[in-house]
Amino acid sequence: MNPEKLPHPSPPCAAAIAPDALILPARSHPEVEIYAVAARDISRANQYAKKHGVTKTFASYQELLDCAEIDVVYNPLPNALHYEWSMKALLAGKHLLLEKPSTDTAEETKAIFDFAEKKGLVVLEAFHNRFHPAFQRTKAILDSGELGEVKSISTHLGASGMLDQKKDIRFKYDLGGGALMDPGCYNISATLFFGGKLTSIDDATFIERDEKKIDVSTSASFTLEKGISATMECRLDGPKTLGFIPSADFTLRIECSKGYVVLKNFLLPHLFHSIIIQPSGKSSRTERAYTFEDGEKRGEYWWTTYRFQLEAFVDRVKGRTPRTWVEKEESIENMVWIEKVYEKVRNWFRPRHHFPCS
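The present account deals with the structure reproduced in this document. (Residues numbered from 1 in each chain as written. Predicted model: local features only at pLDDT ≥ 70, side-chain atom pairs only at ≥ 80, totals over all residues. Heavy atoms only, no water.)

1. Some details on the layout of surface pockets
Take a probe with the size of a water molecule and roll it over the atoms, and the empty space left behind shows itself.
Link 1 in the chain: Computed from the structure, the largest pocket encloses a volume of approximately 1000 Å³.
Link 2 in the chain: Along the walls of the largest pocket sit 41 residues, with Ile17, Lys100, Leu163, Arg170 and Asp182 positioned nearest its centre.
Link 3 in the chain: When contributions to the lining of the largest pocket are tallied by element, the ones reaching two or more residues are helix H4 (79-91), strand E9 (150-160) and strand E13 (247-256).
Link 4 in the chain: Ranked by the residues each element gives to the lining of the largest pocket, the list is headed by E9, at 3 residues.
Link 5 in the chain: For the lining of the largest pocket, the residue count by class is 25 nonpolar, 7 polar and 9 charged.
Link 6 in the chain: Of the volumes computed, that of the second largest pocket is approximately 310 Å³.
Link 7 in the chain: Forming the walls of the second largest pocket are 14 residues, and the residues nearest its centre are Val150, Phe194, Gly195, Lys226 and Ile228. (1 Å grid on protein atoms, 1.4 Å probe; cavity = no way out; pocket = protein on both sides within 12 Å on 5 of 7 lines; lining within 4 Å. Points joined across faces, edges and corners; volume = space filled by probe spheres on them. Helix = DSSP H or I, 4+ residues; strand = E, 2+ residues; numbered from the N terminus. Nonpolar A, V, L, I, M, F, W, Y, C, P; charged D, E, K, R; others polar.)

Here it is as structure tokens:
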């Protein structure tokens with residue numbers, strides 16, 4: 001079978017993620033070729049292609065989708081464009097690696113996955129941290145029963161002093177911005193993965209940006225099945241440490257009936273992380289997991305979260321069984337609860353988009 005060819009249809013405003021998320025990981029995958037890139041400005045596309053060693057360029061996204069040589073599309077466009085161009089990619093018969101959050105609404109997310117099923121195509125929402133050994137090792141510790149039953153989950157994910165609020169698309173409502181959308185979707189994804197289904201919102205608060213329907217930070221608490229409680233805090237910006245030092249916090253803590261576990265840097269564990277396990281009445285220990293140690297040789301110590309994700313995605317496209325996956329139902333649930341939090345706090349509704357398909 002020929003290598004899968006993964007184009008990168010990205011405008012200038014979203015292109016920064018592609019080298020880490022796809023281009024560099026693809027270089028170590030023998031079944032992947034980054035074949036084409038599209039941009040609304042062909043000169044920018046040509047410059048991008050030259051820099052990253054991409055074979056072909058297109059002056060529009062539709063031209064790229066019409067190319068018969070392309071099997072798979074990576075969609076890293078602003079959130080508000082995810083629905084339209086994902087549906088168009090599926091309509092063109094392409095498998096889809098879709099940046100998170102999948103869309104602006106749960107209805108749109110469901111439509112994408114339903115259409116993909118109808119067309120017999122693969123869609124993966126790119127929660128790349130899910131695929132890393134550190135994330136999976138934390139889940140294995142919980143599943144072992146060593147710490148007893150899960151009682152509560154808390155996630156903190158955000159940074160301060162790293163984004164330009166006037167220019168960054170994360171601060172633009174019409175492009176699908178907001179802290180709950182990015183990075184908050186990671187908080188909800190981790191909560192669903194480690195705790196199961198959410199059943200209710202207990203409380204939620206925003207810090208807003210100039211009444212422009214953009215939450216700069218969001219805090220929320222939930223109840224899950226089996227009486228598990230969850231809290232989350234996400235932020236796009238905030239006060240700098242000592243007034244001038246940028247800061248970040250990517251911490252996951254899970255309290256159990258017989259102890260707790262903490263995963264430090266649950267967003268980008270390939271850079272660094274620690275898994276702190278504290279059984280009740282016993283000494284704590286710290287683990288690190290950069291490869292899988294279960295006898296199945298999958299991955300290298302230097303693989304990033306994105307490289308592990310690409311491995312799983314190609315496996316699914318090729319008809320193989322990936323080690324783990326982000327299922328359709330979870331992607332839909334993520335957007336369901338994002339919308340519910342927005343509605344509960346300010347009765348904000350995410351922008352709706354329409355794209356007819358057949």
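What follows continues from the structure just given.
2. Structural notes on the pattern of salt bridges
Link 1 in the chain: For the structure shown, the criterion picks out 18 salt bridges.
Link 2 in the chain: A salt bridge links Glu84 to Lys88, with the shortest nitrogen-to-oxygen separation between them at 2.7 Å. Of this pair, Glu84 and Lys88 both sit in helix H4, 4 residues apart, roughly one helical turn.
Link 3 in the chain: A residue is classified by how much of its surface remains accessible, and Glu84, at 28% relative accessible area, is partly exposed.
Link 4 in the chain: In this structure, Glu117 and Lys328 form a salt bridge, with 3.3 Å as the shortest nitrogen-oxygen distance. (Salt bridge = Lys/Arg side-chain N within 4 Å of Asp/Glu carboxyl O. Buried < 20%, exposed > 50% of the residue type's maximum accessible area, 1.4 Å probe, protein only.)

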